[in-house]
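Residue-level listing of the chains:
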Amino acid sequence: MHIQEFIRYLAAEKHYSPHTLIAYETDLEQFKDYLQSTYAISHIKDADSLIIRSWIAQILESGISARSANRKLSTLKSYFRFLIKWDFVKENPMLKVVAPKTPDRLPLFIDSEKMNQLLDSEIFENNFQGVRSKMILEILFATGIRVSELTALKHKDINTSALTLTVMGKRSKQRIIPFNPVLLEIINEYVSFK
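Read on for a plain summary of the structure. (Residues numbered from 1 in each chain as written. Predicted model: local features only at pLDDT ≥ 70, side-chain atom pairs only at ≥ 80, totals over all residues. Heavy atoms only, no water.)

Take the sheet that holds strand β2 (residues 164–168) next. Read across the sheet, 3 strands follow the order β1-β2-β3 without closing on themselves; strand pairing throughout is antiparallel. Each edge of the sheet is formed by a strand with only one pairing partner; in this case those strands are β1 (158–159) and β3 (174–178). Note: β2 against β3, 5 bridges, orientation antiparallel. Opposite Val167, over in β3, you have Arg175 as the bridge partner. (Pairing = 2+ DSSP bridges. Helix = DSSP H or I, 4+ residues; strand = E, 2+ residues; numbered from the N terminus.)

Summed over all chains, the structure comprises 10 aromatic pairs. Seen from their ring centres, Tyr9 and Phe82 are 5.2 Å apart, and the 40° between their planes marks the pair as tilted. Here Phe82 lies in helix α4 (residues 66–85) and Tyr9 lies in helix α1 (residues 3–14), a separation of 73 residues in the sequence. Each member of the aromatic cluster is reached from another via a ring pair, and the members are Phe6, Tyr9, Tyr16, Tyr24, Tyr79, Phe80, Phe82 and Phe88. (Phe/Tyr/Trp six-rings, centres within 6.5 Å; stacked < 30°, edge-to-face > 60°.)

Our next topic: the environment of Leu76. Tracing the sequence through the fold places Leu76 in helix α4. On the basis of relative accessible area, Leu76 is assigned to the buried category, the value being 1%. Between the C-alpha atom of Leu76 and that of Phe128, which follows or precedes it by 52 residues, the distance is 46 Å. Here Leu76 is in contact with Leu28, Phe31, Ile52, Trp55 and Met94, once residues within four sequence places are set aside. (Buried < 20%, exposed > 50% of the residue type's maximum accessible area, 1.4 Å probe, protein only. Contact = heavy atoms within 4.5 Å.)

Moving on, we come to the nonpolar core. In terms of nonpolar packing, the biggest core is built from 30 residues, with Phe6, Phe31, Ile44, Ile52, Leu76, Tyr79 and Phe80 touching the most fellow members. Per element, the largest residue contribution to this core is 7 residues, and it comes from α4. Sequence-distant contacts of Phe6, defined by excluding residues within four places in its chain, comprise Tyr24, Leu28, Thr75, Ser78, Tyr79 and Phe82. Formed by 17 residues, the second largest nonpolar core is a distinct cluster that contains Val131, Ile145, Leu163 and Val167. (Core = buried A, V, L, I, M, F, W, Y, C linked by side-chain atoms within 4.5 Å.)

Moving on: the packing of helix α5 (residues 112–120) against helix α6 (residues 128–143). α6 packs onto α5 with a crossing angle of 160° between their chain directions and a minimal axis gap of 11 Å. Taken as axis vectors, α5 and α6 run roughly antiparallel relative to one another. The handedness of the crossing between α5 and α6 comes out as left-handed. Where α5 abuts α6, its residues Ser112, Met115, Asn116, Leu118 and Leu119 lie against Lys134, Leu137, Glu138 and Phe141. (Axes fitted to C-alpha atoms, helices over the stretch in contact; angles between N-to-C directions. Parallel < 35°, antiparallel > 145°, perpendicular 65-115°, else oblique. Left-handed = near helix turned anticlockwise from the far one by under 90°.)

What follows is the structure, given as structure tokens:
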């Protein structure tokens, strides 16, 4: 079914993260198992839009959210585009598949007053672990960067004169994030403990 070729293509050409690659491969293996167990289909060219819709219906009936089902459909869309591009199939059945509606998700946020209370509290000890934990929360709160961006952050990515962080975001896109002088003091305190 050309799943491994597709995953290698996403890694090499699209530079998808390892986490995304695992998710795509898992989705496609689940779809492959469904084709074989439900329809005795072993070649992807035999999967039509009705079969794909029946797979999504089964997923939704099993209790998976519409958001997760849509992510699986997104995987299939990319997969079929790849298959057509490399001439493994002639027709794209995804053109006749409509994604299930998903409810709008309101963003979760932390009240700034509560966050300031936490950061000003005495729970952070004056040692390496305490200073590091406080700095991590301060950076996330002050800049809004992702946890994955923070964990990849190197000392060279911090411009102390311009007060900016250079982070590598999704799909290897670089972003420059400004921060305030208070955060610089916290970063310097952390560096002095190292």
